Amino acid sequence: MSTVIDSGDADRLDAAWWIDRIVKVLVFAGGISAIVFILGIFAFVTKEGFGFVLKDMDVVEFFTSPNWRPTSDTKPTHGILALLAGTASITGFAMLISVPFSLGAAIYIGEFATGKTRETLKVLVEMLAAIPSVVWGFIGLSIMNPLIIDLFDVPVGLCMLNAGLILGLMAAPIMTTIAEDALKAVPDGYREAAEAMGATRWQVIWKVVIPAAKNGLVAAVLLGVGRGFGETMAVLMASGHSINMPEGVFDPVRALTATIAAELGETVAGDTHYQALFTLGILLFAVTFVINLTADLVVRGIRKK
Amino acid sequence: MRNIALATAMAVSLSLVACGGGGGDDADGGRAQRTLLQNKGSDTLVNVAQAWAEAYREVDPSVAVAVTGGGSGTGISALINGTVDLANTSRSMKDKEIEKARQNGIEPVEHIVGYDALAVYVHKDNPIESITFAQLAAIYGEGGTTKTWDQLGITVPGAKDGKIVRVSRQNNSGTYAYFKKAVLRKDGEYKLGSLDMHGSKDVVDLVMKTPGAIGYSGLAYATHEVKLVPVARDDGAPAVMPTVATAIDRSYPIARPLFMYTRGQPEGAVATYLDWILSNDGQTIILDKGYAPVRAPVRDDLR
């Protein structure tokens with residue numbers, strides 16, 4: 001028996017056999033490339049930023065001082081508290097707006113809308129996700145800025161409110177899509193059973209569907225947070241880019257990502273400022289990695305059930 | 001008839017061949033001798049540098065100048081690494097940078113190629129008539145106490161509570177560094193909390209749309225939609241309006257030099273190019289781009 005297979009294999013050293021081999025290697029390379037790239041990026045960012053961590057970084061100052069003055073001639077300081085506060089406040093505000101909106105949209109699309117309405121809404125939500133971030137930033141800069149000045153009678157409209165609104169609108173589509181998938185994954189049997197017990201439509205959604213889809217909904221929100229944390233261009237343009245501990249929604253703020261984007265271009269490769277910016281990169285990488293990993297684990301949680 | 005046509009056609013094609021051959025030889029000869037100069041740096045200077053490079057093609061076709069922007073810092077690091085012939089900057093090289101260049105066996109030599117007046121911009125409805133260095137320092141500087149327009153004795157229509165919105169630049173721009181040195185003085189620092197724009201034009205655009213705003217940017221970016229404020233060095237000194245003319249005669253107090261750095265004393269093609277930039281023709285081009293030339297070029301429409 002085995003000899004037959006062996007000779008058969010030997011006979012099969014033709015084009016098809018080789019193609020099979022090559023495709024196998026290509027698919028394998030494609031499969032692990034994502035891992036290779038992400039490790040490569042991590043290694044690069046760490047290598048560029050680590051000099052600062054080892055040599056110049058004052059850990060206490062780094063995390064507790066709001067003074068970011070890396071180019072000072074007299075005494076450079078590298079405090080990122082104001083930048084952290086900026087990123088956190090913009091992302092937090094964005095979530096405050098986008099979570100109710102996108103969960104509402106997902107429930108409507110998933111549970112109520114039917115036929116054409118449903119399809120049209122889905123396409124529109126996906127189109128919203130396709131708007132480039134620089135266009136969002138442009139809207140913040142040239143439409144929302146004068147609007148906020150007029151409506152709220154404040155000195156300047158480039159602020160946390162502006163950036164948060166823009167970011168909320170940017171994060172909403174991805175959250176809606178994932179949340180809707182999570183709702184759809186709830187078996188129809190649950191709904192039918194609940195309805196058979198005499199539950200109203202709302203009771204079915206609130207008491208049965210949402211608890212069953214909980215993990216997926218949490219994952220949707222976490223991915224939205226990750227999106228908010230990493231967004232750069234729109235935030236750079238709409239936030240005012242001002243080193244400031246925010247006290248209200250009308251205060252201009254500055255995000256970590258925007259700081260890297262604005263300053264890296266003109267630094268001399270390898271000097272302290274350059275390395276400090278890469279250290280910000282390591283921090284951002286770590287935070288988004290943790291957020292995405294958590295979201296992934298939460299999603300895996302549903303599959304296991 | 002037919003013969004004539006044929007003969008003409010043959011003659012034309014023959015001459016074409018001859019021309020083509022001749023042209024080809026010339027081009028080959030030119031290519032062999034062609035010198036390529038690398039020119040990189042300041043975004044303030046990049047438009048002028050490009051205009052120079054283009055015009056110079058007519059002056060000396062055997063020299064090509066490749067211009068790239070990226071900022072003063074980018075130009076300087078390229079000079080330190082020895083990858084450019086000329087670095088454009090809107091600030092002097094720091095001692096640390098010169099030291100680094102020397103370690104690589106490069107002696108940077110500074111050449112002033114023009115001046116840029118740093119204008120102070122406010123909203124067009126702002127009634128302010130002039131501003132002094134001390135007032136600017138109190139608005140922008142660390143420890144400065146001026147937070148509202150009322151403190152300067154003026155009321156700006158549309159500015160909520162008279163609050164001054166400070167517009168500044170990102171901390172590694174040459175403009176940021178020069179304004180700091182000139183107005184906030186040597187050990188001065190900016191007060192944090194200004195809106196840090198990422199380009200000369202962005203500053204002017206934001207000031208244009210914000211009633212309570214004040215900003216600084218190159219004079220070349222002035223529009224009719226914003227107001228330029230005359231600046232006085234001291235309380236007693238006359239306030240001078242930023243114009244190309246006041247930048248040329250140095251009466252405007254915040255005019256900064258624009259530099260080109262070479263690797264060692266310029267020689268050969270680099271020297272000829274720099275001489276041409278400082279000549280009447282080269283200086284007319286920088287004037288046309290809205291900057292002040294090193295010397296006033298001989299031209300009738302200047303004042």
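Throughout, a residue's number is its position along its own chain's written sequence, starting from 1. Numbering of ligands from 1 and lettering of chains from A proceed in the order in which they are written. Side-chain atom pairs in this predicted model are given and counted only at pLDDT of 80 or more, local residue features only at pLDDT of at least 70, and totals for whole chains, interfaces and linings cover all residues. Hydrogens and water molecules were not included; the side-chain quantities draw on all heavy atoms of the structure.

Draft legend 1. Region of the structure containing the packing of aromatic side chains. In this scheme Phe, Tyr and Trp rings, the latter by its six-membered ring, pair at centre separations within 6.5 Å, and the angle between planes marks the pair as stacked below 30 degrees, edge-to-face above 60, and tilted otherwise. Going through the model one piece at a time under the given rule, you end up with 18 aromatic pairs over all chains. An angle of 85 degrees between the planes, with centres 4.9 Å apart, marks the rings of Trp-17 of chain A and Trp-18 of chain A as edge-to-face. You can call Trp-17 of chain A partly exposed: its relative accessible area is 22%. On the basis of relative accessible area, Trp-18 of chain A is assigned to the partly exposed category, the value being 48%. Geometrically, the ring pair formed by Phe-42 of chain A and Phe-285 of chain A is tilted, given 5.1 Å between the ring centres and 40 degrees between the ring planes. Taken together, the residues Phe-42 of chain A in helix α2 (residues 15-54) and Phe-285 of chain A in helix α13 (residues 272-304) connect sequence positions 243 residues apart. Summary of the burial criterion: residues with accessible area below 20% of their type's maximum are buried, those above 50% are exposed, and those between are partly exposed, where the area comes from a 1.4 Å probe applied to protein chains only. Exposure remark for Phe-285 of chain A: the relative accessible area of 22% places this residue in the partly exposed category. Within the aromatic cluster, the residues linked to one another by ring pairs are Tyr-140, Tyr-176, Phe-179, Tyr-190 and Tyr-216 of chain B. Ring-over charges, as used throughout, are those where CZ of Arg or NZ of Lys falls within 6 Å of the ring centre and within 35 degrees of the ring normal. We note Arg-250 of chain B situated over the ring of Tyr-115 of chain B; from NZ or CZ to the ring centre the distance is 3.5 Å. Runs of H or I in DSSP of at least four residues are treated as helices and runs of E of at least two as strands, each being numbered from the N terminus.

Draft legend 2. Expanded view of unusual backbone geometry. Phi at Asp-153 of chain A takes a positive value of approximately 55 degrees, unusual for a residue other than glycine. Checked against the element boundaries, Asp-153 of chain A lands in the loop between α6 (133-152) and α7 (160-184).

Draft legend 3. Looking closely at the packing of helix α4 (residues 81-112) of chain A against helix α9 (residues 201-212) of chain A. Residue and element names in this part refer to chain A. Packing of α4 against α9 leaves a shortest axis separation of 12 Å and a crossing angle of 110 degrees. Between α4 and α9, the interaxial angle falls into the category roughly perpendicular. For the pair α4 and α9, the contacting residues are Ile-107, Glu-111 and Phe-112 in the first and Arg-201, Ile-205, Val-209 and Ile-210 in the second. Among the residues forming the contact of α4 with α9, the class breakdown is 5 nonpolar, no polar and 2 charged. Interaxial angles span 0 to 180 degrees and are taken between N-to-C directions of axes, which are lines fitted to C-alpha atoms, for helices over the stretch in contact. Working definition: roughly parallel below 35 degrees, roughly antiparallel above 145 degrees, roughly perpendicular at 65 to 115 degrees, and oblique for all remaining angles. Note on contacts: a residue pair is in contact if any heavy atoms of the two residues lie within 4.5 Å. Classification convention: Asp, Glu, Lys, Arg as charged; Ala, Val, Leu, Ile, Met, Phe, Trp, Tyr, Cys, Pro as nonpolar; all other residues, Gly among them, as polar.

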